[in-house]
Each structure stands twice: as C-alpha cells, then as structure tokens.
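# Descriptive analysis of the structure
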Amino acid sequence: HRFEKSELASSMVAAINSIPAYLERSSIMLVLAPVCRHFDDSNRICNFASWRRRGWCRMEAFSALASRTDVPIMQCASPLGTPVMMGGQQIFQLLP
C-alpha cells in the first residue's frame, strides 16, 4: 500500500502535533544516545552530541520542558554508563 503524498503529509503533521501530548502522558523521557556508527553512513559517528544537533530531538526535549506535567529527562550515553538527569539549563545547551 502506497501513501498518497497528501496522506503522508497529513500523517506526518498528526505525528508531529502529537509529540507534546505524548510527552505530557509520560512519566519520563529517556534519551539513549550511545556512541555508534550511523546506519546509512559508516563513516559518521552518532552520539549524544549528534543527538543534540537534531531538530526533532531538540523539539522533543523542549516539549518535555514545556509540558504542563513534570517530565524529567534522563540521558544515557553508553551501555555501561550511568544514566544522568538533564535539568532545564542543560536543555538550553541543546541549541547549536
């Protein structure tokens, strides 16, 4: 089944619009950003720094911060790393 362009666009808009509501119903936002190679480009490394540069990720973090409910953000950068809580000041450091 192939989406028509207008169906796909409508689905994407609905998904984007649902992010704040989804986060308000969450008890925590967990950021899993281990060091790994990019799926499509093995020369590119992905990690917490690359996560912070992605627009979607910043939008999700700001949505959690602006939520009407308390949605703490926990970040873990490696399989053996200790998860850490991200505070409001750290969210603002997400800006490029």
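None of the values given here were measured: they were computed from a predicted structure.

This brings us to the overall build of the protein. A count of helical and extended segments in the protein gives 4 helices and 5 strands. If you list the helices and strands of the protein from N to C, you get α-β-β-β-α-α-β-β-α. Taking all 96 residues of the protein together, 24% fall into the buried category. Sequence-distant contacts in the protein: of pairs separated by 6 or more residues, those separated by 24 or more amount to 57%.

Attention now moves to the sheet that holds strand β4 (residues 73-76). What the 3 strands build is an open sheet, ordered β1-β4-β5; its pairing is mixed. Two strands close off the open sheet at either side, each with one partner strand: β1 (29-32) and β5 (84-86). When the angles between neighbouring strand axes are averaged without regard to direction, this sheet yields 30°. Here β4 runs beside β5; their pairing, made up of 3 bridges, is antiparallel. Across the sheet, Gln75 pairs through a bridge with Val84, a residue of β5.

The next thing to look at is the nonpolar core. Formed by 13 residues in total, the largest nonpolar core has its most connected members in Leu23, Met29, Val31, Phe48, Trp51, Ala64 and Ile73. Only α1 (5-24), β1, α2 (48-53) and α3 (55-66) provide two or more residues apiece to this core. Discounting residues that sit within four places of it in the chain, Ala64 has contacts with Leu23, Met29, Val71 and Ile73.

Taken together, the 4 bridges between β1 and β4 define a ladder with parallel strand orientation. When the bridges of β4 are listed, Val31 appears paired with Gln75.

Here the focus is the packing of α1 against α3. Where α1 contacts α3, the axes come no closer than 9 Å and their chain directions differ by 40°. Classified by the angle their axes make, α1 and α3 are oblique. Note on packing geometry: the crossing formed by α1 with α3 is right-handed. Seen from α1, the contacting residues are Ile16, Ile19, Pro20 and Leu23; seen from α3, they are Trp56, Met59, Glu60, Ser63 and Ala64. Among the residues forming the contact of α1 with α3, the class breakdown is 7 nonpolar, 1 polar and 1 charged.

Cut-offs and rules
- By convention here, each chain's residues receive numbers from 1 onward along its written sequence.
- The predicted nature of this model means local features are confined to residues of pLDDT at least 70 and side-chain atom pairs, given and counted, to a pLDDT of 80 or more, with totals for whole chains, interfaces and linings taken over all residues.
- Computation of side-chain values covers all heavy atoms of the structure but excludes hydrogens and water.
- Numbering of helices and strands starts at the N terminus; helices are DSSP runs of H or I of at least 4 residues and strands are runs of E of at least 2.
- Whether a residue is buried, partly exposed or exposed follows from its accessible area with a 1.4 Å probe, protein chains only, as a fraction of its type maximum: under 20%, in between, or over 50%, in that order.
- Should any heavy atoms of two residues lie within 4.5 Å, those residues are counted as being in contact.
- Strands pair, by our definition, only if DSSP identifies at least two bridges between them.
- Only C-alpha atoms enter the line fits that serve as axes; for helices the fit covers just the stretch in contact. Angles between N-to-C directions range over 0 to 180 degrees.
- Buried Ala, Val, Leu, Ile, Met, Phe, Trp, Tyr and Cys residues that are joined via side-chain atoms within 4.5 Å together make up what is termed a nonpolar core.
- Roughly parallel means an angle under 35 degrees; roughly antiparallel means over 145; roughly perpendicular covers 65 to 115; every other angle is labelled oblique.
- Crossing handedness follows the turn of the near helix against the far one: under a right angle anticlockwise gives a left-handed crossing, and clockwise gives a right-handed one.
- Classification used: nonpolar for Ala, Val, Leu, Ile, Met, Phe, Trp, Tyr, Cys and Pro, charged for Asp, Glu, Lys and Arg, polar for all others including Gly.

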